[in-house]
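# Descriptive analysis of the structure
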Amino acid sequence: MESGIEELMPRLLPVEDCDLAEDFDPTVPPRTPQEYLKRVQIEAARCPDVVVAQIDPRKLRKKQTVNVSISGCQPAPEGYSPTLKWQQQQVANFSAVRQSLNKHRNHWQSQHLDSNVTMPKPEDEEGWKKFCLGERIYSEIDTQSNDESLGIDYIKVGFPPLLSIVSRMNQATVTTVLEYLIGWFGEKKFTPELGRWLYALLACLEKPLLPEAHSLIRQLARRCSEVRVLEENKNEEQISALNLIICLVSRYFDQRDLADEPS
């Protein structure tokens, strides 16, 4: 190596010049430590001082646009903003649910699931959507079944977030399923089935939040505020459910900039 390069890149280990056999071939695998070090020196000397990467700009164009929203939630429709007392009560109720879940988690994990309950694998996004929401909502079928006398078909209507189910979900699965459902909610309407699962998954989220969970719940609260504003019939039950999710994200999980101003 040239002396100038050696000054910029000093040797980490003292390596003295060694006598190599006259038939030393740097293109074949080294047979001794000395041959290995000599080969490293030869390869380093061949490296150019400046390397320019060859980048195809066409491959980057599709990845240039990143939409990041840092805005808060949209205000509730006039007359539907929750009171501070109501919000504080919801936070207290939610905290009690989380404490009870943590206390009895081991018990519910040990309970056998019904034979018709098969939890999807974490990476099965479509499977989880069908599992939580049911095939009716997943496939956007509005017709009601005529065989209600035969009992509830959970494959069609979705499995509720029973403690025996959510207690088996680790934090990675909770976050993943939450991401699936929030992604669904970003393009679909709010339903009671979705609301129940969102509440249950929020109850399973451990604090302090991981960065991905932090981003997800903020996205969820903003989406709830958007749907709340667009609610044409001002369905009080649905607006109350949306208010609840915004309240929990903002006041329980300390995202205060997203909180509704008390009415």
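Here we summarise the structure given alongside this text. (Residues numbered from 1 in each chain as written. Predicted model: local features only at pLDDT ≥ 70, side-chain atom pairs only at ≥ 80, totals over all residues. Heavy atoms only, no water.)

### A few points about the overall build of the protein chain
- Each helix and strand in the protein chain was counted, giving eleven helices and zero strands.
- Secondary structure elements of the protein chain occur, N-terminal to C-terminal, as α-α-α-α-α-α-α-α-α-α-α.
- Within the protein chain, buried positions represent 32% of all 263 residues.
- Of the roughly 17,800 Å² of accessible surface on the protein chain, 51% is carried by carbon and sulfur atoms. (Helix = DSSP H or I, 4+ residues; strand = E, 2+ residues; numbered from the N terminus. Buried < 20%, exposed > 50% of the residue type's maximum accessible area, 1.4 Å probe, protein only. Areas by Shrake-Rupley, 256 points an atom, 1.4 Å probe, with all protein chains shown as cover.)

### Here we look at a nonpolar patch on the surface
- A cluster of nonpolar side chains, contributed by Y36, L37 and V40, occupies part of the molecular surface with about 270 Å² of accessible area.
- Along the chain, L37 falls in helix α2 (residues 33-46). (Patch = residues over 30% accessible without salt bridge, like charges linked within 9 Å, V, L, I, M, F, W, Y side chains within 5 Å. Salt bridge = Lys/Arg side-chain N within 4 Å of Asp/Glu carboxyl O.)

### Observations concerning the environment of K188
- Within the element layout of this structure, K188 appears in the loop between α8 (171-185) and α9 (192-204).
- C-alpha of K188 to C-alpha of Y138: the two residues are 50 residues apart in sequence and 9.8 Å apart in space.
- Sequence-distant contacts of K188, that is, excluding residues within four places in its chain, are made with E140 and R223. (Contact = heavy atoms within 4.5 Å.)

### Re the packing of aromatic side chains
- Under the counting rule described, the total for this entry stands at nine aromatic pairs.
- Taking 6.2 Å as the distance between ring centres and 65 degrees as the angle between the ring planes, the aromatic pair formed by F131 and W197 counts as edge-to-face. Of this pair, F131 sits in helix α5 (residues 125-138) while W197 sits in helix α9, and the two are 66 residues apart along the sequence. By the burial criterion, F131 is buried, and W197 matches it.
- Note on Y252 and F253: the rings are 5.1 Å apart at their centroids and 80 degrees apart in plane angle, and the pair reads as edge-to-face.
- A residue is classified by how much of its surface remains accessible, and F253, at 3% relative accessible area, is buried.
- Three or more aromatic residues link up through ring pairs in this structure, and these residues are F94, Y199, Y252 and F253. (Phe/Tyr/Trp six-rings, centres within 6.5 Å; stacked < 30°, edge-to-face > 60°.)

### What to know about the nonpolar core
- The biggest cluster of nonpolar side chains holds 48 residues, and the ones touching the most others in it are L181, W197 and L198.
- Only α4 (84-109), α5, α7 (163-166), α8, α9, α10 (211-230) and α11 (236-252) provide two or more residues apiece to this core.
- Those residues within four positions of L198 in sequence are excluded, and the remaining contacts are L178, L181, I182, F190, L220 and I245. (Core = buried A, V, L, I, M, F, W, Y, C linked by side-chain atoms within 4.5 Å.)

### Structural notes on α2
- Between its first and last C-alpha atoms α2 spans 20 Å; for 14 residues at 1.5 Å apiece the expected length is 20 Å, and the two agree.
- N-cap assignment for α2: the residue whose side-chain oxygen lies 3.2 Å from the backbone N of E35 is T32. (Expected span 1.5 Å × (residues − 1). Polar contact = N/O pair within 3.5 Å; in protein donor to acceptor, adjacent residues only side chain to side chain.)

### So, α11
- With 17 residues, α11 extends 23 Å between its outermost C-alpha atoms, agreeing within 8% with the 24 Å of an ideal straight helix rising 1.5 Å per residue.
- Within α11, 13 of the 17 residues are buried, which leaves the element mostly enclosed by the surrounding structure.
- Just downstream of α11, D254 is the residue with a positive phi angle, here 60 degrees.

### Concerning the packing of α8 against α10
- At a closest axis distance of 10 Å, the pairing of α8 and α10 adopts a crossing angle of 25 degrees. In terms of orientation, α8 and α10 fall into the roughly parallel class. In this structure, α8 crosses over α10, and the sense of that crossing is left-handed. Facing T175, L178, E179, I182 and F185 of α8, the residues of α10 in contact are E212, A213, L216, I217, Q219, L220, R223, C224 and V227. (Axes fitted to C-alpha atoms, helices over the stretch in contact; angles between N-to-C directions. Parallel < 35°, antiparallel > 145°, perpendicular 65-115°, else oblique. Left-handed = near helix turned anticlockwise from the far one by under 90°.)

### Points about the packing of α5 against α9
- Contact geometry of α5 with α9 gives a least axis separation of 9 Å together with a crossing angle of 170 degrees. In terms of orientation, α5 and α9 fall into the roughly antiparallel class. Here F131, C132, L133 and I137 of α5 come into contact with α9, specifically with E193, L194 and W197.
- Of the residues that constitute the contact of α5 with α9, the class distribution is six nonpolar, no polar and one charged. (Nonpolar A, V, L, I, M, F, W, Y, C, P; charged D, E, K, R; others polar.)

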